[in-house]
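Remarks on the overall topology
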Amino acid sequence: MSPDEELSHLSDEEYLIFRAKEQQKKDPCAAKCWMITAQALFPKNFGIQFEVYQIEKAAKNVKEAAKCLGVLLREFAPEPVLWREVDTIMSALRQSTPDSQTSFLTYLFNMLPKDVQLAMVLSAAERSQDTMTRCRLMLLLTTTFPETTAHHGLQLVESLLAAEKHCPGPLNPFRRMLVCDLLPRLLQTHGLEVRPKTLYSLLSRAIEFYVAYVTTPPKIMQGVLDGDAKIDDPWQQLFIVVQLIGWNLGWDLASGFQSTSNREVILQKIQSFVEGGARLGGPKGEGGEDVREVLYTTLTIFLHALMDYTKRLYPDFNQENNASTSTPLTLVEAFIFPECEREESVIVPPKRSRSSLDEDPTIPIITVSRPTPVGQAVTPVSGPVVGLSVTAPGGIAAGGLSQALTTAIKCWDLLNSYEQLRAEFVRLLESLGTDRWWWLRVFTVDVLIYQGRLAEAALELRHTLGHPVHQLPTTFISTNLKLASVLYALNNLSGAAEAVLEVVGQLPGWVGVGGLAGDLCVSAASNRRHLHVLALTRPQCLQFATTLLIHALRQRIIVDRHMDDLCIGHLITLLQYEWPKYMSTFEEILQIIRKQGGFSYPLFYNYITTPDILEEFMFLATKEGGNLQMDIIPINHNTKQQRTISTRGVDRDLKHDFKMGMKKLMLRSSEPIEGTIITFLTREGTLVHQNLM
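Here the structure is a predicted model, which is why all the values come from computation and not from measurement.

Cut-offs and rules
- Residues numbered from 1 in each chain as written.
- Predicted model: local features only at pLDDT ≥ 70, side-chain atom pairs only at ≥ 80, totals over all residues.
- Heavy atoms only, no water.
- Salt bridge = Lys/Arg side-chain N within 4 Å of Asp/Glu carboxyl O.
- Helix = DSSP H or I, 4+ residues; strand = E, 2+ residues; numbered from the N terminus.
- Buried < 20%, exposed > 50% of the residue type's maximum accessible area, 1.4 Å probe, protein only.
- Expected span 1.5 Å × (residues − 1).
- Arc of directions from axis to C-beta.
- Contact = heavy atoms within 4.5 Å.
- Axes fitted to C-alpha atoms, helices over the stretch in contact; angles between N-to-C directions.
- Parallel < 35°, antiparallel > 145°, perpendicular 65-115°, else oblique.
- Left-handed = near helix turned anticlockwise from the far one by under 90°.
- Nonpolar A, V, L, I, M, F, W, Y, C, P; charged D, E, K, R; others polar.

Things to note about the pattern of salt bridges
Considering all chains together, one arrives at 21 salt bridges under this definition. As a salt-bridge pair, R175 and E164 come within 2.9 Å of each other at their nearest N and O atoms. Here the residue R175 occupies a position in helix α11 (residues 173-186), and E164 occupies one in the loop between α10 (149-163) and α11, the gap between them amounting to eleven residues. On the basis of relative accessible area, R175 is assigned to the buried category, the value being 5%. Where K482 meets D446, a salt bridge forms, and the shortest distance between an N and an O atom there is 2.4 Å. Of this pair, K482 sits in helix α22 (residues 475-489) while D446 is found in helix α20 (residues 438-450), placing the two residues 36 residues apart along the sequence.

And the structure:
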């Protein structure tokens, strides 16, 4: 069969297209001639016109290709093949990282007349059967043709709201498109007419989305958000949405939301607005015109400060890997000089120009631990302590954490101060799913501690210990540390000791290294309160436990006059952990022992290894030291009945045995004191607790 016979089944139009394609690679000019002829003979044939377009596109003749595409769109709009090509171009326009092919198609689209571009995008959106694709095309329309935003943007809002009804939560691609892509553009449109109720709803949805985003682990988000799940600086984007919606509603308070760094300045403006007579409603719900302005602006500041505080307490918050790389922190009631000894390590708050702050006992001093980072040298227990103290209003603190806490508390108090405001605040918190926020429970307890509502804090902490739901591995230790500190401040020494001994029971297997806190005790007026943000490392947890027990035992002995030898011995044992920090307390104890004429402590030989302490007791047993009776060193007699050596009225051999026993203890002075104290509190904790009951 001849070649012409093989082509005999083709129509005239198909024959001309075949010849053009045949010549395309061998002789492009000949191919073009074939198509010019075909166009002249069959000007209304879609196949020929589309092939001309394909040839021009393949040759990268963007101007001619755009001209051909315009003709196709005008003359052959119903053709399915044409709209498949249009879909390809639309897809290229939406690419954030285009390749050479998509770049050419974008250039091709831009060469079309504006009216053709508009009609092309709008028709592609209307024809799309996929909801997400249709919404993306409508978004592209508002991006490419800003003049259409007021009309088509509002239509897109309705489409996105309808589409997300089928999604289980705020983290979905439709909500992301609404709040991240559409609202910032739509809300800047002049002449936009949107009902206030709709704007409030959009603002609520934006807050829900961004809060869900910053509180959800990245791995989970990858499964619920299309494409790249990462959003750059989500808080800044939320602040911009608040500013734009506020601008559309005529809010004066919206002007400060250009940047998250303005957080405290915005809060001051809100406070001034409220104090200046903001209409926040009466007892019967009347006169609440300013409720929503104060509500949404304060809520945004509160959520930002709350998450800032949470991230500073828990640096690994929402990290993908389970292996902790940073040390979590917890807020506890700490100690004020002169209740504890004024040693070199006691922090003295610097003088401030605003003396009123110093005179206000309701404003606590806040200090923050700085745990030693992983990989750095650990400060020895016997060496200088490690801590961070920076001047800040309301106390000495690591400024960022203290500021985040106080800002969140001010917002919390404001939002709960007015009936209408509080009702709306509670409603919004429920919509955010805060019943699952363990960090909000941490914050509400910290609010009670900060405000000195310690009895309420103790009830909440006991409730947390009794209901271990949605808790972190650190929850048991941090909750008991808080509870111990609160009960001690309430002078419940027995309860404080019980809670702190629960912490010690967890320390042998607790991972965590670093130095000690240098500011568990600060020098201040007796009517001031001191809060400390403690690093949940083994050294600092043990440091807090020993510090609390030292103060409690000292109170029993010095203040309550309970001068039991066992109680005194427990105190001396604990003084070793940060020796010589509590040297003055030790001197007080020695005075009591001298007055009593002796000292008996069966546990002395098991736990006392500090050379300075051993030397003092050796001196007390000498003639120069008063020849006191020291029943502290065990000895085995020939009867194999064990007892402690008494240094009064005994022969020279027993005195020699006493000295040898003390020398053996001296040889143990290099043993890690941390392990000794943990062992002591683990084995003898019940005895310590009994002395504080």
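Some remarks on helix α26 (residues 583-596)
An ideal rise of 1.5 Å per residue puts 20 Å on 14 residues; α26 measures up with 20 Å between its terminal C-alpha atoms. Listed as buried for α26 are T585, F586, I589, L590, I592 and I593. Here the buried residues of α26 occupy an arc of 160 degrees about the axis, which is enough to place them on one side. Packed against the buried residues of α26 are α24 (538-559), α25 (565-575), β8 (598-600), α28 (611-620) and β9 (629-631). Two residues or fewer past α26, G597 is found with a positive phi of approximately 80 degrees.

Overview of the packing of helix α9 (residues 131-144) against α10
At a minimum axis separation of 9 Å, α9 and α10 run at an interaxial angle of 160 degrees. As summarised for this structure, α9 and α10 are arranged roughly antiparallel, according to the angle between their axes. Between α9 and α10 lies a crossing of left-handed hand. Together, T131, C135, M138, L139, L141 and T142 of α9 and T149, H152, G153, Q155, L156, S159, L160 and A163 of α10 make up the contact between the two elements. Of the residues contributing to the contact of α9 with α10, the split by class is seven nonpolar, seven polar and no charged.

A short note on unusual backbone geometry
A cis amide bond, omega 10 degrees, links W579 with the succeeding residue P580. Within the fold, P580 resides in the loop between α25 and α26. Despite not being glycine, N491 shows a phi value in the positive range, around 65 degrees. Among the secondary structure elements, N491 is positioned in the loop between α22 and α23 (493-506). A positive phi angle is found at R561, which is not glycine, with a value near 60 degrees. Among the structural elements, R561 can be located in the loop between α24 and α25. Of the residues examined, R561 reaches a relative accessible area of 56% and is grouped as exposed.

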